[in-house]
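Letter by letter, the chains look like this.
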Amino acid sequence: MTNLSNGSSTYSQSFLQIPPVKFTKLFINGKFLDSVSGKTFETVDPRTEEVVAEIAEATKEDVDIAVKAAREAFDSGSWPRMPGAERAKIMLKWAQLIEQNVEEIAALDTIDGGKLFSWCKAVDVPEACNILRYYAGAADKIHGNVFKTSRDLHLYSLMEPVGVVGHIIPWNFPTVMFFAKVAPALAAGCTMVIKPAEQTPLSSLFYAHLAKLAGIPDGVLNVVPGFGSTAGAAISSHMDIDAVSFTGSTETGRKIMQAAALSNLKPVSLELGGKSPVLIFDDADVDKAVDLALFGILHNKGEICVAFSRVFVQEGIYDEFEKKVVEKAKTWVVGDPFDPKVQQGPQTSKAQFDKILSYIEHGKSEGATLLTGGKPVGNRGYYIEPTIFANVKEDMLIAQEEIFGPVMALSKFKTIEDAIKKANSCKYGLAAGIVTKNLDIANTVSRSIRAGIIWINCFFAFDIDCPFGGYKMSGFGRDYGLEALHKYLQVKSVATPIYNSPWL
Amino acid sequence: MAAISNGHEASSFNIPPIKFTKLFINGQFVHSISGKEFETVDPRTEEVMTKIAEGGKEDIDVAVKAARVAFDDGPWPRMPGAERARIMMKWADLIDQNVEEIAALETIDGGKLYHYCKAFEIPAAASTLRYYAGAADKIHGEVLKASRELHAYTLLEPIGVVGHIIPWNFPTTMFLAKVSPALAAGCTMVLKPAEQTPLSALFYAHLSKLAGIPDGVLNVVPGFGPTAGAAISSHMDIDKVSFTGSTEVGREIMRAAANSNLKPVSLELGGKSPLIVFDDADVDKAAELALLGILFNKGEICVAGSRVLVQEGIYDEFEKKLVEKAKAWVVGDPFDPKVQQGPQVDKKQFEKILSYIEHGKREGATLLTGGKSVGNKGYYIEPTIFSNVKEDMIIVQDEIFGPVMALMKFKSIEDAIKSANNTKYGLASGIVTKSLDTANTVSRSIRAGIVWINCYFAFGNDIPYGGYKMSGFGRDFGLEALHKYLQVKSVVTPIYNSPWL
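Residues numbered from 1 in each chain as written. Chains lettered and ligands numbered in written order. Predicted model: local features only at pLDDT ≥ 70, side-chain atom pairs only at ≥ 80, totals over all residues. Heavy atoms only, no water.

In the annotation of an unreviewed UniProt entry, chain B is listed under the name Aldehyde dehydrogenase 1 and assigned to Sphenostylis stenocarpa. UniProt annotates chain B under Sequence similarities (unreviewed entry) with the comment "Belongs to the aldehyde dehydrogenase family." (UniProt positions renumbered as here; feature names shortened; annotations may be inferred.)

In the nomenclature of an unreviewed UniProt entry, chain A corresponds to Aldehyde dehydrogenase 1 from the organism Sphenostylis stenocarpa. Within the UniProt record for chain A, the comment given under Subcellular location (unreviewed entry) is "Mitochondrion matrix". Within the UniProt record for chain A, the comment given under Subunit (unreviewed entry) is "Homotetramer."

Encoded structure:
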């Protein structure tokens, strides 16, 4: 059975003073405000199932006010009109302030989302600063084109900010997702309304506070915590929002695209679910492959859209792999995410917790073999054991649907063609992993899998310069890289006839 | 009153027989599964020309299957770009060789000017095909500069099976503007031409087979929006839809895409584009430009300059010249080389335009010229100009899609910008001025995807073309258009002992 670090408060107290939650209201037009309705909602600590704070709950009226502020800031305010280098200075200042507050922010993500404190402090929050700095550096390098026409015309394109953007972000990476969306939109000169997930509003509100200190003008960045069916729907159907960027479930993505179509035909970009395969070939180092596969499904307690939830191992090394992966899974430390020894914290909410356990029951009743795990851990908090199913058939629910938890579906393959076919037999197409030392296999298979990110001998190898997004029903549009700027820019072509020009 | 050329000369013109009337699927012309057909009408005479096979959901399914096999297993996506280019170039040559026959089809199908199609539109479309043929082997991903030891690059891969739904106003231009970049990218496709104008699309399909486009790569299924069009936008095995047409249908398509397999869509929708004429303009040239802006292609163009804003200093002179020129405009049979404006495309459009004209009169705008239909056969409407219009009038806010101009006066540059942007649309705009500063300021200030300075309809293969606001998103033409048919795949591998990143 997995080692348990049972999250009793002694661990937390001995590591860190969990800071009081300072920001619990809506951030609109540079101020923290109660919601128009006065409504609030509770945010729960998944380690203890206790209420952490009451947060102001935004509904349609609050979204309207936020959009008005963002519209004013876009149409008449300073932000889109500043040189890119000045936007950059403010964004860099913001990054600096975030660094100065890294421990407090990391603690918020831990008590809000059950994320590992040490990971948030060492990786997620610094990553957010890097994202801000990257796009700050791009803000004055957004180039249009001058075209070579076939007749006497002077022709160029301007890349203009699209306007007021709505961001709807998920609960699994509240910090990274906030900046992945906000940073390029700010660099492009847009203004925005952000709805963080109702499960994880705390760090977003802290970032809003720091944004103001950094000098982001009022109305440019508005943060409205609330629920999808109210605040989220108000954003996707708003007649005065020019584009929506969404990361979350496929079902919600549908609703957002529909609402956009029915309202003002705003363009949307969607980063949705995944059921990403990792293909482990015979020439792989089995120990390293095991580590990669486990990391692939257990990182962030499996709550990642790119999780390697389907593991395909070539038959030559299958038995050894299966033995080692089960051994390793049994040593995995599940417990309080403040404890530096812990590798896996609690699932983010009761709804997720229940859903994962229900998928595990499905797996058993569908006839897959439960190799390890399958049960919750302890009797408080949303902890689930690392779970591995073998003998999984392609059409089983646990092989087709995104579980979003620490549940691996393990199967065997014979040839490279088998592997490719199995990998692509899925409505999703977000990420894929290939473990091999062979150059030709790496090249062939990376071309053959229909997915937006291919990780060869690695997992979760994000880089700020590398675009990230889905194929097929994992969505469209890219985050990261210069690619992401395009979501927040529009192309305007300008044509003027020219006379007596020496050449075209 | 508009001069009429009542089409007698047309009888001396040999209108070719219509050769292709069936669905083109997997390299063959076939009947629709249901056996259903629909009539296509000549807008010059209101007579039925022929029956066309009517594609329904089942036919779309068959076409998509063919396109899917052609994409997943066929040669087209796997060829080097240069080989796709050779076939596309051959197709362009065949189009050039058949220009007269195709131009005649466009004329009898859509009421378009024969000589314009022959001399400009079809050759331009062939050049679009050549433009993208030349791009097919230059589709570059990037090698990225990571911040740690990673070898990371992007591949730009064809998105797969594409659905194209094209409109009736520029059947040739739209067909090749959509098909060419998708072919260059390595995609396969199912195209539904508008039910009003299926003839040239089927002819192009025939020529594509002769050129060597492999079976299944290009499928053409004429049919209606609520059946064939809906089947495309909601198809679970189409990877992307590209649409040009009305805003209302654009909504349906995006919704259907969301409800089915979340396929990305690109939409090029309506417009109510402003032409802004400043005091320093040459009034005569400006009046000509304004008239062309609304009468070209009988006003059936999404970028029509349907709102003309004239600075008060030259307004009176402008209005006088404009009306004079409008009265001299020749409306008549589009085969006649003297004619400048043919019939509207069908009865529905004809009635819609006349109804907007009635609205304009009731709303209290001043009818300066035109306002009536021409003759008693065919869908001909006089060039029509309203002045003293208020910005909230229906004739100023709605897209009429006919030869009806709303003429307004403005005082200052700020006024002009404000009025120009007072619309839910954002497709094109025109600025007439000699002042460099006015041109630069105003072009930055108008929220539209295309700004034409001292010109209008200046299209080119290299110029990205598309909307802001409710005119849609996504761009046709230029290298920009390729992105609609490509997906970005990032490939990442750790590196060891590298001298640098």
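Student: Quick rundown of the overall build of chain A? Include the residues and the values.
Tutor: Of regular secondary structure, chain A possesses 15 helices and 21 strands. Its C-alpha atoms give chain A a radius of gyration of 24 Å, within 12% of the compact-globule value 23 Å for 504 residues. If you line up chain A on its principal axes, its C-alpha atoms span 75 × 60 × 40 Å. Surface summary for chain A: the accessible area is close to 17,700 Å², and the carbon and sulfur share equals 54%. (Helix = DSSP H or I, 4+ residues; strand = E, 2+ residues; numbered from the N terminus. Rg over C-alpha atoms; globule rule 2.2 N^0.38 Å. Areas by Shrake-Rupley, 256 points an atom, 1.4 Å probe, with all protein chains shown as cover.)

Student: Which residues make up the UniProt feature "domain: Aldehyde dehydrogenase" (unreviewed entry) in chain A, and what values go with them?
Tutor: If you check UniProt for "domain: Aldehyde dehydrogenase" (unreviewed entry), the listed places come out as residues 34–494 of chain A in our numbering. The span residues 34–494 of chain A shows a helical share of 40% and a strand share of 19%, and its end C-alpha atoms are spaced 45 Å apart.

Student: So what's going on with the packing of helix α3 (residues 84–100) of chain A against helix α5 (residues 117–138) of chain A? Which residues, and what values?
Tutor: Residue and element names in this part refer to chain A. The N-to-C vectors of α3 and α5 enclose an angle of 170°; their axes lie 9 Å apart at closest approach. The angle between the axes of α3 and α5 places the two elements in the roughly antiparallel class. Side by side, α3 and α5 meet where A88, M91, L92, W94, A95, Q96, I98 and E99 of the first sit next to V125, C129, L132, R133, Y135 and A136 of the second. Residues that form the contact of α3 with α5 fall into these classes: 11 nonpolar, one polar and two charged. (Axes fitted to C-alpha atoms, helices over the stretch in contact; angles between N-to-C directions. Parallel < 35°, antiparallel > 145°, perpendicular 65-115°, else oblique. Contact = heavy atoms within 4.5 Å. Nonpolar A, V, L, I, M, F, W, Y, C, P; charged D, E, K, R; others polar.)

Student: So what about the environment of V161(B)? Which residues, and what values?
Tutor: All names here are of chain B. Structurally, V161 is set in strand β7 (residues 161–165). For the pair V161 and M189, spaced 28 residues apart in sequence, the C-alpha to C-alpha distance is 5.2 Å. In this view, V161 contacts A67, R68, F71, T188, D237, I238, D239 and K240; residues no more than four positions away in its chain are not counted.

Student: So, the pattern of salt bridges: which residues are in play, and what are the values?
Tutor: Note on pairing: side chains with opposite charge can pair once their charged atoms come close. All names here are of chain A. According to the stated counting rule, one finds 63 salt bridges over all chains in the structure shown. Salt-bridge contacts for K323 lead to E327; the nearest nitrogen and oxygen are separated by 3.7 Å. Within this pair, K323 and its partner E327 are both found in helix α11 (residues 315–330), separated by four residues, close to a single helical turn. Here K323 falls in the exposed class, since its relative accessible area comes to 54%. (Salt bridge = Lys/Arg side-chain N within 4 Å of Asp/Glu carboxyl O. Buried < 20%, exposed > 50% of the residue type's maximum accessible area, 1.4 Å probe, protein only.)

Student: So what's going on with the UniProt feature "active site" (unreviewed entry) in chain A? Residues and values would help.
Tutor: Residues and elements named next belong to chain A. Following the UniProt record, the feature "active site" (unreviewed entry) maps to E271 here. Looking at where E271 falls in the secondary structure, it is placed in strand β11 (residues 268–271). Among the residues examined, E271 registers a relative accessible area of 3% and is labelled buried. Those residues in contact with E271, other than ones at most four positions away along the chain, are F246, T247, G248, C305, L430, F468, G469 and S474.

Student: Which residues make up the UniProt feature "active site" (unreviewed entry) in chain B, and what are the values?
Tutor: All names here are of chain B. Listed under "active site" (unreviewed entry) in the UniProt record, and renumbered for this structure, are E268. Looking at the element boundaries, E268 is found in strand β11 (residues 265–268). A residue is classified by how much of its surface remains accessible, and E268, at 2% relative accessible area, is buried. Leave out the neighbours within four places in its chain, and E268 touches F243, T244, G245, C302, L427, Y465, G466 and S471.

Student: Could you give an account of the UniProt feature "domain: Aldehyde dehydrogenase" (unreviewed entry) in chain B, naming the residues involved and the relevant values?
Tutor: In the numbering used here, UniProt assigns the "domain: Aldehyde dehydrogenase" (unreviewed entry) feature to residues 30–491 of chain B. For residues 30–491 of chain B, helix accounts for 40% and strand for 19%, while the C-alpha atoms at its two ends are 43 Å apart.

Student: Give me the environment of V223(A): which residues, what numbers.
Tutor: All names here are of chain A. In this structure, V223 sits in strand β9 (residues 221–223). Judged by relative accessible area, V223 falls into the buried class, the value being 0%. Residues contacting V223, with those up to four places away along its chain left out, are L26, F27, F178, I194, P196, S204, L205 and A208.

Student: How would you sum up helix α14 (residues 416–424) of chain A? Please name residues and give values.
Tutor: All names here are of chain A. Along α14, the residues that are buried comprise A419, I420 and A423. Along the long axis of α14, the arc covered by the buried residues comes to 95°, so they all point the same way. Exposed side of α14, more than 90 degrees from the buried face: E417 and K421 are the residues found there. In this structure, the buried side of α14 is in contact with β12 (277–280), β13 (310–314), β17 (407–413) and α15 (439–448). (Arc of directions from axis to C-beta.)

Student: Account for unusual backbone geometry, naming residues and giving values.
Tutor: Residues and elements named next belong to chain A. If you check the backbone angles, N457 has positive phi at about 60° while not being a glycine. Checked against the element boundaries, N457 lands in the loop between β19 (453–456) and β20 (475–476). The class for N457 is partly exposed, based on a relative accessible area of 32%. At K472, a position not held by glycine, the phi torsion is positive, near 50°. Tracing the chain through its elements places K472 in the loop between β19 and β20.

Student: An account of the sheet that holds strand β12 (residues 274–277) of chain B is needed here, citing residue identities and associated values.
Tutor: The strands making up a sheet are joined through hydrogen bonds of the backbone, oriented either antiparallel or parallel. What the nine strands build is an open sheet, ordered β6(A)-β21(A)-β19(B)-β18(B)-β12(B)-β13(B)-β17(B)-β16(B)-β15(B); its pairing is mixed. For this open sheet the edge positions go to β6 (153–161) of chain A together with β15 (366–369) of chain B, each flanked by a neighbour on one side alone. On average, each strand axis in the sheet is tilted by 20° relative to the strand beside it, whichever way the strands run. In the sheet, β15(B) pairs with strand β16 (residues 384–387) of chain B via three bridges, with the strands oriented antiparallel. Each residue of the ladder has a partner; that of T369(B), found in β16(B), is I385(B). Against the sheet, helix α14 (residues 436–445) of chain B touches β6 and β21 (489–497) of chain A together with β12, β18 (428–432) and β19 (450–453) of chain B, its axis set at about 45° to β6(A). (Pairing = 2+ DSSP bridges.)

Student: Break down the sheet that holds strand β18 (residues 431–435) of chain A for me, citing the residues and quoting the values.
Tutor: Reading across from one edge, β15(A)-β16(A)-β17(A)-β13(A)-β12(A)-β18(A)-β19(A)-β21(B)-β6(B) is the order of the nine strands in this open sheet, with mixed pairing throughout. The open sheet has two edge strands with one neighbour each: β15 (369–372) of chain A together with β6 (150–158) of chain B. Each strand axis lies, on average, 20° off the axis of its neighbour in the sheet, ignoring direction. Relative to strand β21 (residues 486–494) of chain B, β6(B) is paired through nine bridges, and the arrangement is antiparallel.

Student: An account of the domain arrangement of chain B is needed here, citing residue identities and associated values.
Tutor: All names here are of chain B. Structurally, chain B comprises domain 1 (3–269 + 473–487) and domain 2 (274–460). Contact residues are listed per partner, giving 35 residues for domain 1 and 37 residues for domain 2. Both faces considered, domain 1 and domain 2 share a buried interface measuring about 2,800 Å² in area, 61% of it formed by carbon and sulfur atoms. Residue R44 is joined to D333 by a salt bridge in which the shortest nitrogen-to-oxygen separation is 2.9 Å. On inspection of domain 1 and its partner domain 2, the count reaches nine residue pairs in polar contact (both at pLDDT 80 or more). Where the side of domain 1 that touches domain 2 is concerned, the elements lending two or more residues are β1 (3–5), α3 (99–110) and α4 (114–135). Sort the elements by how many residues they give to the side of domain 1 that touches domain 2 and α3 lands first, with five residues. Taken together, the residues that form the side of domain 1 that touches domain 2 break down as 16 nonpolar, 11 polar and eight charged. (Domains from an automatic or database assignment. Buried area = accessible area lost by both parts, 1.4 Å probe. Polar contact = N/O pair within 3.5 Å; in protein donor to acceptor, adjacent residues only side chain to side chain.)

Student: I'd like a description of the nonpolar core, backed by residues and values.
Tutor: Ranked by internal contacts, the top residues of the largest apolar core, which has 119 residues, are W94(A), Y135(A), I280(A), V306(A), F321(A) and W455(A). Of all hydrophobic cores here, the second largest spans 106 residues; its members include I87(B), I314(B), Y315(B) and Y465(B). (Core = buried A, V, L, I, M, F, W, Y, C linked by side-chain atoms within 4.5 Å.)

Student: Can you tell me about the interface of chain B and chain A, naming the residues and giving the values?
Tutor: On the chain A side, the residues contacting the 66 residues of chain B number 65 residues. Between chain B and chain A, a total of about 5,000 Å² is buried, with carbon and sulfur atoms accounting for 55% of that surface. The largest share of the area that chain B buries against chain A comes from M254(B), L262(B) and K489(B), three residues that together contribute 13% of it. Between the two partners, chain B and chain A, sit two salt bridges. Note that E160(A) and R447(B) form a salt bridge whose closest N and O atoms lie 3.7 Å from each other. For the pair chain B and chain A, the interface holds 36 residue pairs in polar contact (both at pLDDT 80 or more). Mapped by element, the contributors of at least two residues to the side of chain B that touches chain A are β6, α8 (247–259), β11, α14, β19 and β21 of chain B. In the side of chain B that touches chain A, the residues fall into 36 nonpolar, 17 polar and 13 charged. As judged from the three bridges shared by β19(A) and β21(B), these two strands associate in the parallel manner. Counterpart to I453(A) in the pairing with β21(B) is S490(B).

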